[in-house]
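Analysis of the macromolecular model
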Amino acid sequence: MESNTRIISVANSKGGVGKSCVSALLAVALAKKKKKKVLIIDCDSQGSITDMYEREREQYGEDKDPAIEVEELTPRKVQTFLKRFGSDYDVIFIDIPRMTDKKKDTATVMLLYNCDSVLVPVVGNEVDVLSSQDFTEILEEAATDKHEMGEEFKFYGFINRRNQRKSNELAEKQMKKGGLKMFKNSLPDLKIFTHPSFYNSIMESAEGERRFEAFFKEFCRKFKV
Ligand SMILES: Nc1ncnc2c1ncn2[C@@H]1O[C@H](COP(=O)(O)OP(=O)(O)OP(=O)(O)O)[C@@H](O)[C@H]1O
Ligand SMILES: [Mg+2]
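Residues numbered from 1 in each chain as written. Chains lettered and ligands numbered in written order. Predicted model: local features only at pLDDT ≥ 70, side-chain atom pairs only at ≥ 80, totals over all residues. Heavy atoms only, no water.

**As for the overall build of the chain**
- Each helix and strand counted, the chain has 7 helices and 6 strands in total.
- Listing each helix as α and each strand as β along the chain from the N terminus yields β-α-β-α-β-α-β-α-β-α-β-α-α.
- Taking 17 Å as the expected radius of gyration for a compact globule of 225 residues, we find that the chain reaches 17 Å, a close match to that expectation.
- When the 225 residues of the chain are sorted by exposure, 52% land in the buried category.
- Restricting the contact set of the chain to residue pairs at least 6 apart, pairs at least 24 apart contribute 78%.
- Carbon and sulfur atoms form 45% of the exposed surface of the chain, whose accessible area is close to 11,700 Å².
- One finds the centroid of the 38 positive side-chain charges in the chain at a distance of 6 Å from the centroid of its 37 negative side-chain charges. (Helix = DSSP H or I, 4+ residues; strand = E, 2+ residues; numbered from the N terminus. Rg over C-alpha atoms; globule rule 2.2 N^0.38 Å. Buried < 20%, exposed > 50% of the residue type's maximum accessible area, 1.4 Å probe, protein only. Contact = heavy atoms within 4.5 Å. Areas by Shrake-Rupley, 256 points an atom, 1.4 Å probe, with all protein chains shown as cover. Lys, Arg positive; Asp, Glu negative; His and termini not counted. Charge placed at Lys NZ, Arg CZ, Asp CG, Glu CD.)

Printed below as a string of structure tokens:
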């Protein structure tokens, strides 16, 4: 595997926190704004990324190419796929499913070991925060294992769907205490973020640019893409 391909997961054990949505927003922004060759590997058997991608491809028709590629794979096939095709891309996102039992869900945890960077969406209420703290422990273990093997592994959290200031400040404080370094920029809860396009970057709209740019810049800087 070429070391100059970044392999990133927007991941959390928790469901519905914006893993797939934010992966798509970032992937298309990297392709359109930074001219990167980007792939999303959809490892969620629900196939939400693949469904959205195929639906939009039908809408646009064969004549127009989407900004990124999507590949639906079972977790067991990911490592072999990365060995064979990984170096064809600048950035690969792995979209992981929610975890039902973190201790037993080794297939999903192993997907994270294929990554060099993980971005954890945290939704600011207390229950979500506790679950994200458990997830931080998984990431710390992965970082220790990978560093021992001389491999890079970094992870950061960010507040997604920022709403009430108070609950977010609390969430941020708790996550930091639990060992998760947090982005300075968060993402607001916005209708324009709910259905990312695989053809057009969110930043091609004025509101999208205004509300996404600072977060995107911090992402590029911290993950060196
Ligand atoms: N910043 C945001 N603003 C508004 N809506 C958002 C935002 N982030 C995510 N959503 C919406 O929240 C819902 C859940 O997001 P998404 O499917 O990306 O979460 P997920 O973590 O991948 O879920 P799952 O665990 O089911 O895979 C979606 O309807 C998505 O459009
Ligand atoms: Mg998802």
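**Details of the packing of aromatic side chains**
- A full pass over the atoms with the stated rule returns 14 aromatic pairs.
- Each ring, one from Phe153 and one from Phe155, has its centre 6.2 Å from the other, and the planes form 50°; the classification is tilted.
- With a relative accessible area of 4%, Phe153 lands in the buried category.
- By relative accessible area, Phe155 is classed as buried at 11%.
- Three or more aromatic residues link up through ring pairs in this structure, and these residues are Phe93, Tyr156, Phe158, Phe183, Phe193, Phe212, Phe215, Phe216, Phe219 and Phe223.
- Sitting above the plane of the Tyr89 ring, Lys37 keeps its charged end 4.5 Å from the centroid. (Phe/Tyr/Trp six-rings, centres within 6.5 Å; stacked < 30°, edge-to-face > 60°. Lys NZ or Arg CZ within 6 Å of the ring centre and 35° of its normal.)

Just distances and angles here, no functional claims.
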